[in-house]
Structures are given as C-alpha cells and as structure tokens.
Amino acid sequence: MKILVPIKRTHDPYSKIKLKPDGSGIDTSNIKFVINPFDEIAVEEALRKKEKHGGEVVILSIGTQEAVEQIRTALAMGADRGILVDTAGKTLDQDSIARIMVKIIGEEKPDLVIMGKQAIDDDSNQVGQLLSEYLNWPQATFASKVDIQDKKATVVREVDGGLETVEVDLPAIITTDLRLNQPRYASLPGIMKAKQKPLKVVKLDELGVDITPKVVVEKLETPPERKAGIKVKDVDELIAKLKEMKALPF
Amino acid sequence: MSILTLLEIKDGQIKKGSLSAVTCARQIAEKTGLPYNIALVGNPSDQAIDEAAEFGAKTVYVVKVPNYTAENYKIAVEQIVNESSAKYFVALGSAMGKDLAPRVAAKLGAGMGSEIIEVVDGETFKRLMYAGNIIATIKIKTEKKVLTVRGTAFEKAQKSGGKSDVKSLQPAGTFDKKRFVKLEETKSTRPELTEAQVVVSVGRGIKDPENIKIVDGLADILGAAIGASRAVVDAGWLPNDYQVGQTGKTVAPQLYIAVGISGAIQHVAGMKDSKVIVAINKDPEAPIFQVADIGLVADLFQAVPELTEKLKKLKEQSA
Ligand SMILES: Cc1cc2nc3c(=O)[nH]c(=O)nc-3n(C[C@H](O)[C@H](O)[C@H](O)COP(=O)(O)OP(=O)(O)OC[C@H]3O[C@@H](n4cnc5c(N)ncnc54)[C@H](O)[C@@H]3O)c2cc1C
Ligand SMILES: Nc1ncnc2c1ncn2[C@@H]1O[C@H](COP(=O)(O)O)[C@@H](O)[C@H]1O
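Keep in mind the model is a prediction, meaning the values are calculated, not measured.

S.K.: What's the story with the site of ligand 1 in this structure? I'm lost.
M.R.: In the region of ligand 1, 31 residues are neighbours, and Arg204(B), Ser229(B), Ser262(B), Gln266(B) and Asn281(B) sit closest. Residues near ligand 1 are shared among chains A and B, making this a multi-chain site. In this structure, Gln246(B) approaches ligand 1 through a main-chain N or O atom, which is 3.2 Å from an oxygen atom. Leu300(B) has a polar backbone atom sitting 2.8 Å from a nitrogen atom of ligand 1. Considering ligand 1 on its own, with 990 Å² of exposed area, one finds that the protein chains cover 88% of that surface.

Below, the structure written as structure tokens:
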C-alpha cells in the first residue's frame with residue numbers, strides 16, 4: 001500500500017507569536033520550526049500502517065527550500081522518500097495548496113492520503129476536505145482510530161457529542177486528530193539513513209497549477225490582550241468578588 | 001442572488017448553536033441587500049421545519065438525508081445553492097461545519113473563510129489565526145463565498161416573526177464510497193459545553209479520573225457544563241468532546257472556572273472570550289492567572305469542596 005502524507009512546516013506550538021512591527025507578517029526571528037503537530041501524527045499513522053500492511057510512505061511538502069528540514073525529519077522517522085514542491089516564497093491560499101496536491105496525487109497514485117486536520121499557523125482546517133472534493137474521494141476527517149482491511153478503512157471520528165464511525169473505500173483522505181497516536185522520535189540510525197533517502201524537488205511553475213488566490217489576507221493585527229485581574233486570598237474573598245461582578249447565576 | 005445558511009439538526013430538532021450562522025447571514029444580508037434562505041438537511045421533524053420558518057428567511061429548503069456524511073450533505077447543499085442562486089453559504093464552525101463547508105467550497109469553486117469572527121463587508125471578514133494570537137482580515141475574491149462562523153462571535157439568532165416559504169427537494173444523488181456506521185454519543189445531563197452560561201473546566205491538576213467527581217457538585221450548583229484541558233482528554237479521563245481550546249471547542253460563557261489548568265496558549269484560545277474567568281491553581285506563576293479576572297492560589301482539593309459548600313449555602317439563602 002502506498003500512503004502519501006502531506007506535511008507543512010509550521011512554528012513550534014510552544015513558541016511566542018508576535019507580529020513584525022509593520023504588521024506585514026509574523027516575526028520569525030526567534031521561532032523554531034517543526035512539522036505541523038497534526039501532520040507529525042499523520043506521519044506516525046502512515047508508518048504504523050506500512051509496518052502492518054507493507055508498502056511505501058511518501059512525504060509531500062509545499063513550501064520553500066527550508067521545508068526540506070521537515071521532510072528529512074519525517075524520513076528519519078521512517079518514511080521512504082520525499083517530494084518538495086518549491087514555491088519560491090509565493091503566498092498560496094488553501095485552495096491552491098489542495099490543487100497542487102491534486103497534481104502530485106495524479107502522478108503518485110497513492111492508495112491513501114493521511115494528513116493533518118489543521119495547520120496550527122493559519123488554523124484553516126480546509127485542505128483535506130478541499131482535496132477530497134477535487135479528487136471525488138471519500139474523506140474521513142478528525143480521525144482518532146484507523147483500521148484498514150480489504151481496500152477499505154474504518155475510521156473513528158471525533159465529532160460534537162461523541163465518536164462517529166465511518167467506512168470509506170480506498171483511495172481516501174484521512175485527516176488526523178490529536179488522539180490518533182503518539183508520534184515516535186527519529187532514532188539516530190534513522191537520522192543517518194534519512195540523509196540517503198530520495199528527495200525530489202519540483203518547481204511550482206512546472207506543475208502548471210493556476211495559483212491565483214481565491215482568498216487573500218489583507219491585514220494582520222494583534223487582538224486586545226485580556227488583562228490579568230486580581231488574586232484573592234481565600235474562598236470567601238473569591239465568592240465576594242463573584243457576587244460583586246454579578247458572575248453567579250443565582 | 002441570495003445567501004444560504006445551514007441549520008444543523010440533531011434528533012429531529014434544530015441545534016441552537018447553529019443559529020449563530022443565521023445571525024452572520026443577517027449581517028451579510030444587511031451589508032449586501034441580498035435576502036437569506038435557510039437550508040435544513042438531514043432529518044428535521046415537522047416541528048423543526050415550522051420553527052426554521054420563523055427566522056425571517058425568504059425560503060426554508062428541506063432535503064431529507066438519512067445519515068450525515070459530508071459527501072451526501074454536499075450534494076444536498078449544492079442542490080439548494082443552485083435552486084436559490086446562492087452567492088454565499090454560511091455554516092457554524094462545528095465539527096459538522098468544518099467537515100462539510102470546504103467540500104462545498106471546492107464544489108462551488110468558492111473561496112472560503114474558516115470560523116470568521118466579524119463581517120466587515122460583503123467580501124471582507126475577520127478571523128483568528130495562530131491559536132487566537134493574530135486577527136487576520138481576509139478578502140474572498142471569488143463570486144461565490146463559503147464561510148464558517150465562530151459560534152462565540154455571533155449571537156444566536158432570535159425568531160423574527162413572519163413565516164418563510166418551505167420547499168422540499170429530493171436528494172439529487174448519493175455518494176456510495178463512504179458509509180456511516182455508528183455514532184457513540186457522550187451522554188450527559190449537563191448543558192452543552194458551547195451553550196452553557198457557566199463552564200467548570202478541569203486540568204491535569206486533578207491528578208486522577210476518580211477526582212473529577214469533586215467538580216461535579218460545583219457544576220451542579222452552578223448549572224454548569226464541564227470542560228477539560230487537552231491533558232485530561234489525552235489521558236482518557238474525559239471524552240474528547242469536553243476539550244476546550246485551539247483544537248477543541250471555543251466557549252464564551254458568563255463564568256469560566258479553570259481548576260488545575262496551567263493556561264497554555266492552546267487552552268486559552270478556546271476560553272479567553274468568557275465574561276468572567278476564575279482560576280484555581282496551586283502554582284502562583286501559572287500562566288492562567290494572566291487571563292483570569294479572579295485568581296485563587298490554592299490546592300484545588302481543598303478549595304473546590306469549600307467553594308462548593310459555601311456556594312450551596314449562598315444559593316439556598318437566595319432561593
Ligand atoms: C497542536 C496542539 C494543540 C493543542 N490544543 C489544545 C487544546 O485545544 N486545548 C488544550 O487544553 N490544550 C491543547 N494543547 C495542549 C496544551 O499545550 C497544554 O499541554 C495543555 O493545555 C495542558 O493541560 P493542563 O493545563 O491540564 O496540564 P498542565 O499544563 O500539566 O497543568 C496542570 C496545572 O495544574 C496545577 N495543579 C496541579 N496540582 C494542583 C492542585 N492540587 N491544586 C491546584 N492546582 C494544581 C499545576 O500547577 C498546573 O498549572 C495543544 C497542544 C498542541 C501542541
Ligand atoms: N504547504 C503545505 N504543504 C503540505 N501539506 C500542507 C500544506 N498546507 C496544508 N497542508 C496539509 O493540510 C492540512 C490542513 O491544513 P489547513 O487546511 O491549512 O489547516 C495540514 O495539516 C497538512 O497536512
């Protein structure tokens with residue numbers, strides 16, 4: 001089974017996000033970059049499926065040359081080869097990302113795509129669903145359990161009010177939720193081996209995808225900060241304060 | 001041309017939370033002069049259809065679909081979009097809305113804004129990025145536009161009198177590469193997390209799933225929903241749909257009480273718009289105190305039972 005895993009290079013979720021003084025973008029000077037946490041979970045899940053069913057895990061990232069670092073990390077975890085679509089710094093919206101993926105998937109013909117539900121920078125939660133529609137494949141988003149058997153995947157999904165189970169025919173798109181698994185660390189031999197694994201770089205222009213944005217970001221701002229209030233010394237004072245602020249429902 | 005907004009149906013009834021999408025549709029209607037229509041997809045009862053007709057929409061479109069899948073609902077929504085010449089499709093950014101709306105957008109060739117918090121004009125909207133650290137103003141350039149709305153940023157629409165026309169459509173087809181198997185529901189007698197006036201949330205400080213019962217009494221007295229940090233949900237101490245935060249639910253109750261929660265940015269992203277935030281944490285340096293209106297540095301195993309007892313007395317007195 002061939003599994004394609006799209007990964008995005010994002011900021012470390014524990015780093016402090018600040019705007020550049022002129023508001024033109026995020027100040028990246030003190031930020032560490034990682035594989036988007038949901039995509040790391042996708043890599044782990046793909047590796048587990050390969051360990052069970054055999055096959056190949058292919059990593060795809062769309063971004064600048066810097067994303068090679070994240071592809072190498074995924075290869076060090078155990079993926080077989082990588083593809084970078086080099087955007088040369090062009091800004092792309094979610095729709096363009098999905099249509100670039102359609103192109104790559106047309107060439108690679110994977111049996112399954114496992115990807116993150118959401119990139120933690122833009123917080124869009126769109127690409128997997130857009131991609132599914134463009135391919136006319138079934139989607140199983142927000143997965144917390146995946147079982148594969150006979151060209152079908154049974155997926156438990158995290159939804160409002162509980163857990164939903166769906167069955168999809170392969171090929172399909174699965175997007176990961178946080179509880180799907182705990183990603184492994186790359187081992188030292190893994191890191192050594194990753195250096196030798198194939199990594200193909202494709203130039204965005206060569207794909208012939210129209211990247212006219214459907215959505216553009218016009219402005220970025222910092223929201224007003226919530227101010228810290230007061231500290232109370234005990235429960236009595238807490239209740240007095242709650243009364244004063246009329247915060248109690250009785 | 002028109003605006004189409006989706007009301008979610010659960011057990012035949014309209015899900016209150018999705019009325020936020022109607023409010024957003026009304027705001028777009030005001031800004032563009034277009035009328036708005038309501039889509040009811042799924043298994044609405046007759047009563048729910050009647051009710052949906054009281055929100056000032058021109059027409060309520062009904063398509064009966066046995067079980068939710070994004071694929072089958074997309075077919076229904078596309079049908080209604082065509083029938084009503086909709087330029088906008090607006091849904092709540094719930095698990096369903098997040099799953100469905102991008103699929104609709106791709107089908108319509110529309111640009112999409114996820115979980116918008118403000119309508120600036122007919123094509124400009126605001127939304128949050130980076131776990132709520134950044135507000136982005138976005139412009140959707142396509143003729144058709146798809147939006148999901150953040151429930152906490154739009155009031156739930158009130159009925160506006162009058163009666164909409166009701167039109168039923170037959171589903172135009174089904175997608176057979178996906179099958180709904182089952183839904184295991186989290187049973188709770190408490191109010192829904194995203195709709196509750198008071199939320200009591202527990203974090204890893206609670207130490208053991210057995211201890212969650214110590215907030216039960218507090219939640220009972222306050223009529224509160226119980227929420228959780230990801231740490232608690234990850235540990236399997238509470239079901240996943242209790243999670244508040246960047247990647248869980250967004251809540252903005254009148255009162256939010258964080259018990260044994262450190263206040264990681266991802267958690268704060270889901271609750272910082274609450275009216276009054278109370279934090280109980282034994283670590284005076286915990287970041288939760290930077291967003292709390294009232295902070296109590298204390299051992300929760302002492303403070304919570306005492307608070308519960310004293311509020312109980314107070315409630316009895318005021319009854
Ligand atoms: C991509 C990503 C997405 C995430 N999304 C979310 C999300 O949506 N929601 C979310 O909540 N988290 C999310 N997280 C996780 C988040 O970063 C934190 O790890 C998590 O919120 C911590 O949970 P906690 O506060 O319960 O635990 P901890 O950080 O361990 O804090 C426990 C707190 O309890 C206090 N405590 C301990 N004992 C007592 C006691 N006896 N009395 C009083 N206080 C006590 C401690 O002082 C401490 O402050 C996400 C993380 C990532 C990487
Ligand atoms: N530039 C990218 N390169 C590779 N994968 C991406 C990229 N952008 C988004 N994705 C994938 O799409 C998922 C959802 O992203 P989003 O819709 O932007 O929140 C991510 O978790 C990734 O798996």
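Moving on from the coordinates now.
S.K.: Explain the site of ligand 2 to me, please; I cannot follow it from the model alone.
M.R.: Residues and elements named next belong to chain A. What surrounds ligand 2 is a group of 20 residues, the closest being Asp39, Ile62, Ala119, Gln126 and Val127. A distance of 2.5 Å is found between an oxygen atom of ligand 2 and a side-chain nitrogen or oxygen belonging to Asp39. A distance of 2.8 Å is found between a nitrogen atom of ligand 2 and a backbone nitrogen or oxygen belonging to Ile62. Protein burial of ligand 2: of its 480 Å² of free accessible surface, 99% is covered by the chains. Listing elements by their share of the shell around ligand 2, those giving two or more residues are strand S4 (56–63), helix H3 (94–108) and strand S6 (112–116). Here the shell around ligand 2 is composed, by residue class, of nine nonpolar, eight polar and three charged.

S.K.: How should the interface of chain B and chain A be read in this particular structure?
M.R.: One frequent convention defines the size of an interface as the accessible area lost when the parts assemble. At the interface, 90 residues of chain B touch 75 residues of chain A. Buried area between chain B and chain A, summed over both chains or domains, comes out near 7200 Å², and the portion from carbon and sulfur atoms is 55%. Here chain B and chain A share ten salt bridges between them. Between Asp169(A) and Arg179(B) there is a salt bridge whose closest N-O contact spans 2.7 Å. At the surface where chain B touches chain A, the tally comes to 48 residue pairs in polar contact (both at pLDDT 80 or more). Looking at the side of chain B that touches chain A, its residues break down into 41 nonpolar, 20 polar and 29 charged. Strand direction decides the pairing type here: strand S13 (residues 230–232) of chain A and strand S17 (residues 294–297) of chain B, joined by three bridges, are parallel. Along S17(B), the bridge assignment pairs Ile230(A) with Ile294(B).

So, how was this worked out
- Residues numbered from 1 in each chain as written.
- Chains lettered and ligands numbered in written order.
- Predicted model: local features only at pLDDT ≥ 70, side-chain atom pairs only at ≥ 80, totals over all residues.
- Heavy atoms only, no water.
- Near = heavy atom within 4 Å.
- Polar contact = N/O pair within 3.5 Å; in protein donor to acceptor, adjacent residues only side chain to side chain.
- Areas by Shrake-Rupley, 256 points an atom, 1.4 Å probe, with all protein chains shown as cover.
- Helix = DSSP H or I, 4+ residues; strand = E, 2+ residues; numbered from the N terminus.
- Nonpolar A, V, L, I, M, F, W, Y, C, P; charged D, E, K, R; others polar.
- Contact = heavy atoms within 4.5 Å.
- Buried area = accessible area lost by both parts, 1.4 Å probe.
- Salt bridge = Lys/Arg side-chain N within 4 Å of Asp/Glu carboxyl O.
- Pairing = 2+ DSSP bridges.

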